[in-house]
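Structural features, examined
Residue-level listing of the chains:
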Amino acid sequence: MRDPRTLPAKIALYAAVLVGAAIMLFPFLWTVITSITPEGSLADGPTVFVDHPTLNAYRTLLDAMPIWRIILNSLGVAIVSTALQLVTGSMAAYGFARLRFPLKNVIFGFYLATLMVPLQVLVVPLFIEMKTLDLQDTYFALLAPTIASAFGVFLLRQAVTAVPMELDEAATIDGAGHLRIFTTIVLPLIRPALATVAVFAFMGSWNSFLWPLVVIRSPEFMTLPLGLSTLQGQFTTQWDVVMAGSVVSIVPIAIVYLVAQRHIIAGVAHTGIK
Amino acid sequence: MVSSLWVSLHKWNLISPMEWVGLRNYTNLLGDEMTRRVFLHTLIYVVGYLPIVYAGGLLLALALNQKLKGRSFLRATYFLPVVTSWVVVALVWKWLLNPTNGLVNQLLGGLGLPQPGWWTDPHWALPAVILSSAWKDLGFVMVILLAGLQSIPTDVYEAAKVDGSNSWQRFWRITLPLLSPSTFFVVVISLINGFQVFDQVYVMTGGGPAGSSQVVVGQIYDLTFRYGRAGEASALSWILFAVILIITVFQIRGQRRWVHYA
């Protein structure tokens, strides 16, 4: 933390970061402005102050797609996949860090290998799997690839390994089994890592696009990114409607972000200092 | 993974029975003009995007590492686009970069500058995607580099100051080298993600106009779901994976030369 010495330097610095912040925030503001501009006056060119603000675009949006259902889908899928990843990830992490079983390192190696394989490689076979099992257009299909994440297992294993073995040993002497050690000692101590994994899982699911695009056809099972992209196809020229849809999909994640902001930023920073 | 490899050795349109073709999908792709184009576009994307986000993220990280009022508010602001989904970012920027009545071109026109056709112009479609991607990821790079900056011990700077160095020297001799682990992380992650770019291209340009912004993953998607050539798509995804793997291995090998751990 150095202090910029001279006053002009300090003013220049403030000016620069504030202009930057405006560039970051303005597109969001502009999205809101466009969504309440009457459709006819969009062609006249941009005005920051809308003469006759209207919610017409939102009404059109409601008629065009089951938007509430889509929001709930996104939320539900994100919450369930986050919960699943935390449960499967922490259990697997405990197993890899604490238990002894044959081929442990080989299996862990496989986990790491899947980290490297991009989703794109798996899209076609996963799609075929869903198709043959007749699971297209289901919530299960949306959740399937996110049930366990190798990244989560990796991160959590590091955290479990950092928990001192002596704690386990003391608990074992007191008669605690693995389940007891796992839930009462390990889990509370790896909370920061769990928060990081939760943040990534939630953001990943909320924003995921390619996979829903592949397995979902009907609007009832769409998530927000997919719903938005089809909206674009329906209203190519009606930017007010498209921007209304964007507002609707920004608001929930923005609320989650504002509430959990510290954890999110810390979580991201945490993964960088490996 | 195994079944993907299996599919890549067949000619298959997802419906009729698979037909064994051996390695022909691979040889066809490698000889195909389109494959070369989509890899070239992906490479242009990565090469254009990386310096912008790194330089921008570094400047921001340096600025927001100073004692400023409202620092955490500013950091949160810069990070907001990171949590927004690619689809939203692509749509919002598609609107901002609308050639006829988009805000950016109105501003450029007002300043008497040329107004590019952005995503409707084959020459500007990729730059439009790169710009919006850089805008989204700037905050991510900033946070990684901030974490790196904060792990640099302050006494190193004190010692250098005592030795009579100026701030410019301290930046080049201390900050940048000691930031190299974070830089390495940013470069590796950006390259991996950059080669897999899809969402923003699909939404913003659909690979057009005239295929001028089609990228590898877009081609994989189109081959499978538009042209029913799942075998070739699988083969292409394996080629992409191989490319990413080779680049990543090279980077990890090369890191000893320039990455210094404090």
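No experiment lies behind these values; they were computed from the predicted model shown. (Residues numbered from 1 in each chain as written. Chains lettered and ligands numbered in written order. Predicted model: local features only at pLDDT ≥ 70, side-chain atom pairs only at ≥ 80, totals over all residues. Heavy atoms only, no water.)

**Focus: the overall build of chain A**
In terms of regular secondary structure, chain A is built from 13 helices and zero strands. N-terminal to C-terminal, the α/β element order of chain A is α-α-α-α-α-α-α-α-α-α-α-α-α. Taking all 274 residues of chain A together, the buried fraction comes to 49%. Long-range contacts, defined here as pairs at least 24 residues apart, represent 72% of the contacts in chain A between residues at least 6 apart. Split by element, the accessible area of chain A, about 13600 Å² in all, is 70% carbon and sulfur. (Helix = DSSP H or I, 4+ residues; strand = E, 2+ residues; numbered from the N terminus. Buried < 20%, exposed > 50% of the residue type's maximum accessible area, 1.4 Å probe, protein only. Contact = heavy atoms within 4.5 Å. Areas by Shrake-Rupley, 256 points an atom, 1.4 Å probe, with all protein chains shown as cover.)

**Quick word on the overall build of chain B**
If you tally the helices and strands in chain B, you get 13 helices and two strands. Each of the three principal axes of chain B carries a C-alpha extent, and together these read 75 × 50 × 25 Å. Relative to its 262 residues, chain B shows a buried fraction of 58%. Pairs at least 24 residues apart make up 66% of the contacts formed inside chain B by residues separated by at least 6 positions. Accessible area for chain B stands at about 11700 Å²; split by element, carbon and sulfur atoms hold 65% of it. Where the 18 positive side-chain charges of chain B centre and where its 11 negative ones centre are 6 Å apart. (Lys, Arg positive; Asp, Glu negative; His and termini not counted. Charge placed at Lys NZ, Arg CZ, Asp CG, Glu CD.)

**A few points about the environment of Ala195 of chain A**
Along the chain, the position of Ala195 of chain A falls in helix α10 (residues 191-207). When the C-alpha positions of Ala195 of chain A and Ala144 of chain A are compared, they lie 22 Å apart, and in sequence the two are 51 residues distant.

**Looking at the UniProt feature "transmembrane region" (unreviewed entry) in chain A**
All names here are of chain A. Summarizing the sequence annotation, UniProt attributes the feature "transmembrane region" (unreviewed entry) to residues 12-33, 70-94, 106-128, 140-160, 181-203 and 241-260 in the numbering used throughout. As annotated, residues 70-94 comprises 100% helix and 0% strand, and the C-alpha atoms at either end are separated by 36 Å. For residues 241-260, helix accounts for 100% and strand for 0%, while the C-alpha atoms at its two ends are 29 Å apart. (UniProt positions renumbered as here; feature names shortened; annotations may be inferred.)

**Here we look at the interface of chain A and chain B**
Counting residues at the interface gives 64 residues for chain A, matched by 64 residues for chain B. With both sides pooled, the region where chain A packs onto chain B buries about 6200 Å², and carbon together with sulfur makes up 76% of that total. Linking chain A to chain B there are zero salt bridges. If you look at where chain A meets chain B, you find eight residue pairs in polar contact (both at pLDDT 80 or more). Breaking the side of chain A that touches chain B down by element, the ones donating at least two residues are α1 (7-35), α5 (119-132), α10, α11 (210-215), α12 (224-234) and α13 (239-272) of chain A. At 17 residues, α1 of chain A tops the list of elements feeding residues into the side of chain A that touches chain B. (Buried area = accessible area lost by both parts, 1.4 Å probe. Salt bridge = Lys/Arg side-chain N within 4 Å of Asp/Glu carboxyl O. Polar contact = N/O pair within 3.5 Å; in protein donor to acceptor, adjacent residues only side chain to side chain.)

**Digging into helix α7 (residues 125-150) of chain B**
All names here are of chain B. Here α7 contains 26 residues, and its C-alpha end-to-end distance of 38 Å stays within 8% of the 38 Å for a straight helix at 1.5 Å per residue. Of all the bends found along α7, the most pronounced is centred on Asp137 and spans about 40 degrees. Most of α7 sits inside the fold, with 23 of its 26 residues counted as buried. (Expected span 1.5 Å × (residues − 1). Bend = angle between axes of the 7 residues up to and from the residue.)

**Section: the environment of His41 of chain B**
Residue and element names in this part refer to chain B. Structurally, the position occupied by His41 is in helix α3 (residues 33-63). Here His41 falls in the buried class, since its relative accessible area comes to 8%. Linking His41 and Gly218, residues 177 residues apart in sequence, is a C-alpha distance of 11 Å. Setting aside chain neighbours within four positions, we find His41 in contact with Leu126, Gly211, Ser212, Ser213, Gln214 and Val215. From its side chain, His41 meets the backbone oxygen of Ser212 in a polar contact 3.4 Å long.

**Points about the domain arrangement of chain A**
Residue and element names in this part refer to chain A. Looking at the assigned domains, one finds that chain A contains domain 1 (1-53) and domain 2 (57-271). With nine residues of domain 1 at the contact, the number on the domain 2 side is 10 residues. Between domain 1 and domain 2, roughly 690 Å² of surface is buried when both sides are summed, and carbon and sulfur atoms account for 75% of that area. Sorting the residues of domain 1 by area buried against domain 2 places Thr31, Ser35 and Glu39 first, and these three jointly supply 61% of that buried surface. Inspection of the domain 1/domain 2 interface yields zero salt bridges. Remark: the boundary between domain 1 and domain 2 carries one residue pair in polar contact (both at pLDDT 80 or more). Class assignment for the residues of the side of domain 1 that touches domain 2 results in four nonpolar, four polar and one charged. (Domains from an automatic or database assignment. Nonpolar A, V, L, I, M, F, W, Y, C, P; charged D, E, K, R; others polar.)

**Some points on the packing of aromatic side chains**
Scanning the entire structure with this criterion turns up 23 aromatic pairs over all chains. With centroids separated by 5.3 Å and ring planes inclined at 35 degrees, the aromatic side chains of Phe198 of chain B and Tyr202 of chain B adopt a geometry described as tilted. Members of the aromatic cluster, connected to one another through ring pairs, are Phe127 and Phe209 of chain A together with Phe198, Tyr202, Tyr221 and Phe225 of chain B. The ring of Phe221 of chain A carries the charged tip of Arg69 of chain A above its face, separated from the ring centre by 5.6 Å. When the ring centre of Trp119 of chain B is taken as reference, the NZ or CZ atom of Lys94 of chain B above it lies at 4.6 Å. (Phe/Tyr/Trp six-rings, centres within 6.5 Å; stacked < 30°, edge-to-face > 60°. Lys NZ or Arg CZ within 6 Å of the ring centre and 35° of its normal.)

**Some remarks on the environment of Phe171 of chain B**
All names here are of chain B. Tracing the sequence through the fold places Phe171 in helix α9 (residues 167-178). Residue Phe171 is classed as buried on the basis of its relative accessible area of 18%. It is 10.0 Å that separates the C-alpha atoms of Phe171 and Leu62, two residues lying 109 residues apart in sequence. Not counting residues within four places of it along the chain, the set of residues in contact with Phe171 comprises Leu58, Leu62, Leu176 and Pro177.

**Details of the side chain of Thr34 of chain A**
Residue and element names in this part refer to chain A. Among the structural elements, Thr34 can be located in helix α1. Classification of Thr34 as buried rests on a relative accessible area of 1%. A distance of 2.8 Å separates the side chain of Thr34 from the backbone oxygen of Trp30, its partner in a polar contact.

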